[in-house]
Amino acid sequence: MRDAFVRALGEIAARDPRVMLVNGDLGFGVLTDFIARFPDNYVNAGVAEQNMTAVACGMALAGARAYTYSIGNFPTLRCLEQIRNDVCYHRADVTVVSIGAGFSYGQLGVSHFATEDLAVLRAIPELTVVSPSDPWQAYSLTHQLHALGGPSYLRLDKGSAGLSEAPIEIGKARTVREGSDAVIFATGSILGQAQAAAHDLADERRSIRVVDIHTLKPFDAETVCEAAQACGRVITLEEHVVNGGLGGAVAEACMEGGAPVQAFRRIGIPNVFPSVVGDQTWLRAHFGLDRMSVAKAVREMLQ
Amino acid sequence: MTCDTEALALQLRRRVVQMCSSGGSSHVGSGLSIADIVALLYGEVLRIDPANPHWPDRDRFILSKGHAGACIYAALAERGFFPVEQLGAHYRNGSNLSGHVSHKNVPGVELSTGSLGHGLGVGAGMAMQLRRMGGSQRVFVLLSDGECDEGSNWEAALFAAHHRLANLCAIVDYNKLQSLAAIEDTLALEPFSDKWRAFGWTVERVDGHDHRALRAAFHARTQSDRPTVIIADTVKGRGVSFMEHQVLWHYRSPQGAELQAALLEIGYGGEQANA
């Protein structure tokens, strides 16, 4: 996804000289081509994320279209107040880009698990929050965020859901599989596990709808309520703690929208700090976020 | 603009005392501490146009020590960004004039602050972008001394020096008192000038209430390629004898006899003091 983001940003910078990529001293090898092509549109702010975000905000307030770039929690939680007070309160044109959603850096330990960002960031006014499932979505959403303007957060996963390319629009949930027995809402590349589980369950004559929530904010409550109403049983799947992220957003939408939900389950990381490491696939299975675990959870719900 | 900065500073002090009294707000001592610095900036140094607050060629001023917001609102009103009558709404229910300086619906405020350690980084970004666009604007950021405990300032100090942001000027209101006690008894900043020099900044050390000295410092911009910091030795509560050097007046709002005594000291007669 990061390559797709950098490719899109290069296209944007080629026609918009206001672009400024403010890097937090990361992205070895990934940004080389961008830096060579656009040396005047790039600055490395060093290992100093608060200042990276503040500088990006100041540049935006003076006319730039700024992007901050780092991994995991560094461009988000480390400098959360700069995002809230400086970028969002002033509606500055800053896109915060974080590489390594969820367990992307699963072997690196708790410091590198980006597993609370969605809950934290979707609470901040003015911030658009997007979480693509595949590189083609990262590419499309990067272009769309630039066109939209204002503060935004782009959550990039190392993995990929493996879904084929289709039109998407910021703020509009996308139904990737029709179904009527239950609906799984998913965000990010973990969407691929939901899609695979629905495929497996189809063999058992279970009709599972799968909805891609690539935009957490603004939240498409209408589509979510429609799907919840049509299917009655609701599952949310996110590579994120179960508190306050996608599961919370879907629950809020369903309750306030009066959707007649018969059963509801959030699948995500329990609200604990993992004491073990592993690659993304292993950690997903360990915490019950993989294809088999999701299918099992849906089966239990349908019994 | 030519302006009697001494008269403006006195007027800012009166406004600050009245606003902190009528609104029942804190931080009167902080507002009095920076009144001379702010008078020089808004009366003489800043290239700004009150009729066109978003003029692209304007200089930028950021009050990073947002708690002294009353003084900035007063300066903006005195310069005509909005009517002085609006100052009476400071701290009141429904007012845009929050205790910590805010830009929403307040013409002339460049950056809302209140959490310390935000202004210098944003100012550095502004300075970099303005230079990138070929502009000659300057960016001024007023910090408190206690604020320099925040590590983000030193991130910004590294950045500004590395990128030779000569159009960036920080001013530290060095009144030697922070929230609970003296700076040197809390987290010592001395040798303060040496720290900034070591970070690659040009340092001007001045009496922050001496307008000639401040004027010289603001115009002392050399041909150097370094950002400048003006370390302004100030007195918290300056101008009202019983507020000077007192941590208490970081919090206390002047009322009744204290208000009358304060206004008399800063040149209001009894009649005006009662107004």
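Residues numbered from 1 in each chain as written. Chains lettered and ligands numbered in written order. Predicted model: local features only at pLDDT ≥ 70, side-chain atom pairs only at ≥ 80, totals over all residues.

Student: Give me the overall build of chain B: which residues, what numbers.
Tutor: Check the secondary structure of chain B and you find 10 helices and 5 strands. A compact globule built from 275 residues should have a C-alpha radius of gyration of about 19 Å, and chain B, at 18 Å, falls within 12% of that. Across its three principal axes, chain B shows a C-alpha extent of roughly 55 × 45 × 35 Å. The buried share of chain B, taken over its 275 residues, is 53%. (Helix = DSSP H or I, 4+ residues; strand = E, 2+ residues; numbered from the N terminus. Rg over C-alpha atoms; globule rule 2.2 N^0.38 Å. Buried ≥ 20, exposed ≤ 12 C-beta atoms within 10 Å, placed from the backbone.)

Student: Which residues make up the overall build of chain A, and what values do they have?
Tutor: A tally of regular secondary structure across chain A gives 11 helices and 12 strands. Considered along the principal axes of its C-alpha atoms, chain A spans approximately 60 × 40 × 30 Å. By the burial criterion, 57% of the 303 residues in chain A qualify as buried.

Student: If you had to explain the domain arrangement of chain A to someone new, which residues and values would you point to?
Tutor: Residues and elements named next belong to chain A. Taken domain by domain, chain A consists of domain 1 (2-156) and domain 2 (174-302). Elements supplying a minimum of two residues to the side of domain 1 that touches domain 2: α5 (117-121), β5 (128-130) and α6 (135-148). Here the residues of the side of domain 1 that touches domain 2 are counted per class, giving 10 nonpolar, 10 polar and 4 charged. (Domains from an automatic or database assignment. Nonpolar A, V, L, I, M, F, W, Y, C, P; charged D, E, K, R; others polar.)

Student: Could you give an account of the sheet that holds strand β2 (residues 42-44) of chain A, with specific residues and numbers?
Tutor: Residues and elements named next belong to chain A. On the basis of which strands lie adjacent, the open sheet formed by 7 strands has the order β2-β1-β3-β4-β6-β5-β10 and mixed pairing. Every other strand in the sheet has two partners, leaving β2 and β10 (215-217) as the edge strands with one partner each. The sheet shows a mean angle of 20 degrees between the axes of neighbouring strands, direction not considered. Alignment of strand β3 (residues 65-71) against strand β4 (residues 94-99), held across 6 bridges, turns out to be parallel. Bridging across to β4, Tyr69 finds its partner in Val97. (Pairing = 2+ DSSP bridges. Axes fitted to C-alpha atoms, helices over the stretch in contact; angles between N-to-C directions.)

Student: Mind laying out the environment of Leu111(B), listing which residues take part and the relevant values?
Tutor: Residue and element names in this part refer to chain B. Mapped onto the secondary structure, Leu111 falls in the loop between α3 (69-78) and α4 (119-132). Put simply, Leu111 and Phe61 are 50 residues apart on the chain and 8.2 Å apart in space, counted from C-alpha to C-alpha. If sequence neighbours within four positions are ignored, Leu111 has contacts with Ile62, His103, Gly119 and Val122. (Contact = placed C-beta atoms within 7 Å.)

Student: Report on the sheet that holds strand β8 (residues 182-186) of chain A, specifying residues and quantitative values.
Tutor: All names here are of chain A. Strand order across the open sheet formed by 5 strands is β7-β9-β8-β11-β12, with mixed pairing between neighbours. At either end of the open sheet lies a strand with only one pairing partner, and these are β7 (174-177) and β12 (263-269). When the angles between neighbouring strand axes are averaged without regard to direction, this sheet yields 25 degrees. The pairing of strand β11 (residues 233-241) with β12 spans 6 bridges and is classified as parallel. Across the sheet, residue Val234 finds its bridge partner in β12, namely Phe264. Against the sheet, helix α7 (residues 191-202) touches β7, β8, β9 (208-212) and β11, its axis set at about 165 degrees to β9.

Student: I'd love a proper account of the pairing of β8(A), names of residues and values included.
Tutor: Residues and elements named next belong to chain A. Counting buried residues in β8 gives 5 out of 5 residues, a clear majority hidden from the surface. One crossover worth recording links β8 to the parallel β9 by way of α7, and it is right-handed. Looking at chain direction, β8 and β11 are connected through 4 bridges and run parallel. Bridging from a neighbouring strand, Ala186 pairs with Leu237 of β11. (Right-handed = clockwise from strand over helix to strand, strands pointing away.)

Student: Help me get a handle on the interface of chain B and chain A, residues and values and all.
Tutor: Across the boundary between the two partners, chain B contributes 18 residues, which contact 20 residues of chain A. Only α4 and α5 (151-162) of chain B provide two or more residues apiece to the side of chain B that touches chain A. Ranked by residue count, the leading element in the side of chain B that touches chain A is α4(B), at 9 residues. Of the residues in the side of chain B that touches chain A, the class split is 8 nonpolar, 9 polar and 1 charged.

Student: Describe unusual backbone geometry, naming the residues involved and giving the relevant values.
Tutor: Looking along the chain, the bond that leaves Lys217(A) and enters Pro218(A) is cis, with omega of 0 degrees. Residue Glu190(B) is joined to Pro191(B) through a cis peptide bond whose omega torsion reads 0 degrees. Turning to its location among the elements, Pro191(B) is positioned in the loop between α6 (183-186) and α7 (192-198). Residues other than glycine seldom take positive phi values, yet Asn105(B) does so here, at roughly 65 degrees.

Student: Residues and numbers for the packing of helix α1 (residues 5-22) of chain B against α3(B), please.
Tutor: Residue and element names in this part refer to chain B. Running from amino to carboxyl end, α1 crosses α3 at an angle of 125 degrees, the nearest separation of the two axes being 9 Å. Taken together, the axes of α1 and α3 lie oblique to each other. As for the relative orientation of α1 and α3, their crossing is right-handed in sense. For the pair α1 and α3, contact is made by Leu8, Gln11, Leu12, Arg15, Val16, Met19 and Cys20 and by Ala70, Cys71, Ala74, Ala75 and Glu78, respectively. The residue makeup of the contact of α1 with α3, split by class, is 9 nonpolar, 1 polar and 2 charged. (Parallel < 35°, antiparallel > 145°, perpendicular 65-115°, else oblique. Left-handed = near helix turned anticlockwise from the far one by under 90°.)

Student: Break down the confidence of the model for chain B for me, with residues and values.
Tutor: All names here are of chain B. Mean pLDDT over chain B: 94, with 96% of residues reaching 70 or higher. A low-confidence stretch, residues 270-275 stays under pLDDT 50, and its non-local contacts, those more than four residues away or across chains, total 4 contacts. Model confidence for the complex: the whole-complex pTM is 0.96, and ipTM, which rates the interface, is 0.95. (pLDDT = per-residue confidence, 0-100.)

Student: Break down α6(A) for me, citing the residues and quoting the values.
Tutor: Residues that lie three or four places apart on an α-helix share one face, since the helix turns once every 3.6 residues. All names here are of chain A. Helix length check: α6 (14 residues) gives 20 Å between terminal C-alpha atoms against 20 Å at 1.5 Å per residue, within 8%. Of all the positions in α6, only Pro135, Gln137, Ala138, Tyr139, Ser140, Leu141, Thr142, Leu145 and His146 are classed as buried. Positive backbone phi, approximately 75 degrees, marks Gly149, located one or two places after α6. (Expected span 1.5 Å × (residues − 1).)

Student: Tell me about α7(A), residues and numbers included.
Tutor: Residue and element names in this part refer to chain A. Relative to the 16 Å expected for 12 residues at 1.5 Å per residue, α7 spans 17 Å between its end C-alpha atoms, a close match to the ideal helical length. Turning to α7, its buried residues number three or more, namely Leu191, Gly192, Gln193, Ala194, Gln195, Ala197, Ala198 and Leu201. Looking at the buried positions of α7, the neighbouring elements they touch are β7, β8, β9, β11, α10 (280-286) and α11 (291-302).

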